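Secondary and tertiary structure notes
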Amino acid sequence: MVQNFTGYGSNRKEKMGFKVIKIEENVFKENDRIAEENYNFLKEKGIISFNFMGSPGSGKTTIIEETVKRLKDKYKIGVIEGDIAGSFDGKRIEKQRIPVVQINTGGACHLDANMVRKGIENLPVENLDVIFIENVGNLVCPAEFKIGNEINIVVSSITEGSDKPAKYPLMFKISKVCLLNKIDVENAYFEKEEFLHGLKEVNPDIVIFEMSSKRGDNFELWLHHLEKIITSFK
Ligand code: MG
Ligand code: ZN
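The structure contained in this document is the topic of the report that follows. The shown structure was predicted, so the numbers you read here are calculated from the model rather than taken from an experiment. (Residues numbered from 1 in each chain as written. Chains lettered and ligands numbered in written order. Predicted model: local features only at pLDDT ≥ 70, side-chain atom pairs only at ≥ 80, totals over all residues. Heavy atoms only, no water.)

**What to know about the coordination of the magnesium ion (ligand 1)**
- In the first shell of the magnesium ion (ligand 1), the protein supplies Thr-61 (OG1), Asp-89 (OD) and Glu-134 (OE), at 2.0 to 2.1 Å from the metal.
- One chain supplies every donor to the magnesium ion (ligand 1), and in sequence these donors are spaced T-x27-D-x44-E. You can see Asp-89 sitting in helix 4 (residues 88–94) and its partner Glu-134 sitting in strand 4 (residues 130–134), a full 45 residues away along the chain. Taken as a pair, Asp-89 and Glu-134 share a single burial class, namely buried. (Donors = N, O, S within 2.8 Å, 3.2 Å for Na, K, Ca; no water. Helix = DSSP H or I, 4+ residues; strand = E, 2+ residues; numbered from the N terminus. Buried < 20%, exposed > 50% of the residue type's maximum accessible area, 1.4 Å probe, protein only.)

In structure tokens:
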């Protein structure tokens, strides 16, 4: 039997006379305000935006890359790449000859609404149908910080193990689609039943695609679904 404690108990706070300063609340409020502006701006321009989230190494960039490759002749796509440092991912996407903005968060482990606003400002929005945003690799705070996008996508690879939806419920709860990636990897410690059970527990409506962006498995199904979302937005 495992006992479960959630952080510091309230007793402890009282005993020690903790003063809780709610900086966090204000940070979120200001962020939400800018996120709403982003949302309204994109809506007005008729641009649908997708926020790709997931652990480092889950395959977000490759999925965006492969998706862009297959759809760029059909839709005008722009990409915002979020990373703590470097422009490796931005440079990869740039090879697709579409507009890309690389944002470096300078340490922050998520994109916030203000960063995304700057990203949008640097894209040719008058000439775009779709924006893909790749968030910083992290299963925690990207789910907490609104950035003003339309659709959340979570990328999870089988090499991360089967317990991720149960351990990071918010991420899977706020996502409309789960791309379960790297199904081509053999001998991964992954129990599909456990993953799916955890996923349905936190989000019964989530749509899941089992994919390998390396081998191309089920890419057509994902693209079909994506196009359905894009078409219904217009
Ligand atoms: Mg990446
Ligand atoms: Zn963060």
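**Regarding the nonpolar core**
- Core analysis: the largest hydrophobic core is formed by 28 residues, its most contacted members being Phe-50, Phe-52, Ile-77, Phe-132, Leu-179 and Trp-222.
- Here the element with the most residues in this core is helix 9 (residues 219–233); it accounts for seven residues.
- Not counting residues within four places of it along the chain, the set of residues in contact with Ile-77 comprises Val-68, Leu-71, Lys-72, Ile-98, Pro-99, Leu-128, Val-130 and Phe-132.
- The next biggest cluster of nonpolar side chains, apart from the first, holds 15 residues, and it includes Ile-80, Val-101, Leu-111 and Val-116. (Core = buried A, V, L, I, M, F, W, Y, C linked by side-chain atoms within 4.5 Å. Contact = heavy atoms within 4.5 Å.)

**Quick look at the environment of Asn-40**
- Assignment of secondary structure puts Asn-40 in helix 2 (residues 23–45).
- On the accessibility criterion, Asn-40 (41% relative accessible area) is partly exposed.
- For Asn-40 and Arg-92, which are 52 residues apart along the polypeptide, the C-alpha to C-alpha distance reads 30 Å.

**Description of the packing of helix 3 (residues 60–71) against helix 9**
- Remark: helix 3 packs on helix 9, axes separated minimally by 11 Å, with the N-to-C direction vectors making an angle of 70°. Classified by the angle their axes make, helix 3 and helix 9 are roughly perpendicular. In contact with Ile-63, Glu-66, Thr-67, Arg-70 and Leu-71 of helix 3, helix 9 contributes Phe-219, Glu-220, Trp-222, Leu-223, Leu-226 and Glu-227.
- Partitioned by chemical class, the residues of the contact of helix 3 with helix 9 number six nonpolar, one polar and four charged. (Axes fitted to C-alpha atoms, helices over the stretch in contact; angles between N-to-C directions. Parallel < 35°, antiparallel > 145°, perpendicular 65-115°, else oblique. Nonpolar A, V, L, I, M, F, W, Y, C, P; charged D, E, K, R; others polar.)

**Let's talk about the coordination of the zinc ion (ligand 2)**
- Note on the zinc ion (ligand 2): its protein donors are Cys-109 (SG), His-110 (ND1) and Cys-141 (SG). The metal-donor distances range over 2.0 to 2.3 Å.
- The sequence pattern formed by the donor residues of the zinc ion (ligand 2) is C-H-x30-C.
- With a relative accessible area of 32%, Cys-109 lands in the partly exposed category.

**Thoughts on the packing of aromatic side chains**
- Inspection of the entire model under this criterion finds seven aromatic pairs.
- Here the aromatic rings of Phe-50 and Phe-132 are separated by 5.7 Å at their centres, their planes lie at 65°, and the arrangement is edge-to-face. Taken together, the residues Phe-50 in strand 1 (residues 48–54) and Phe-132 in strand 4 connect sequence positions 82 residues apart. Each member of the pair Phe-50 and Phe-132 is classed as buried.
- Each ring, one from Phe-172 and one from Phe-195, has its centre 6.2 Å from the other, and the planes form 85°; the classification is edge-to-face. Taken together, the residues span a long stretch of sequence, with Phe-172 in helix 7 (residues 169–173) and Phe-195 in helix 8 (residues 192–202) at a distance of 23 residues.
- By way of ring pairs, the aromatic residues Phe-50, Phe-52, Phe-132, Phe-209 and Trp-222 are connected into one cluster.
- A cation over an aromatic ring shows up here: Arg-70 above the ring of Phe-219, its NZ or CZ 4.2 Å from the ring centre. (Phe/Tyr/Trp six-rings, centres within 6.5 Å; stacked < 30°, edge-to-face > 60°. Lys NZ or Arg CZ within 6 Å of the ring centre and 35° of its normal.)

So far we have only geometry, and geometry alone does not tell us how the molecule works.
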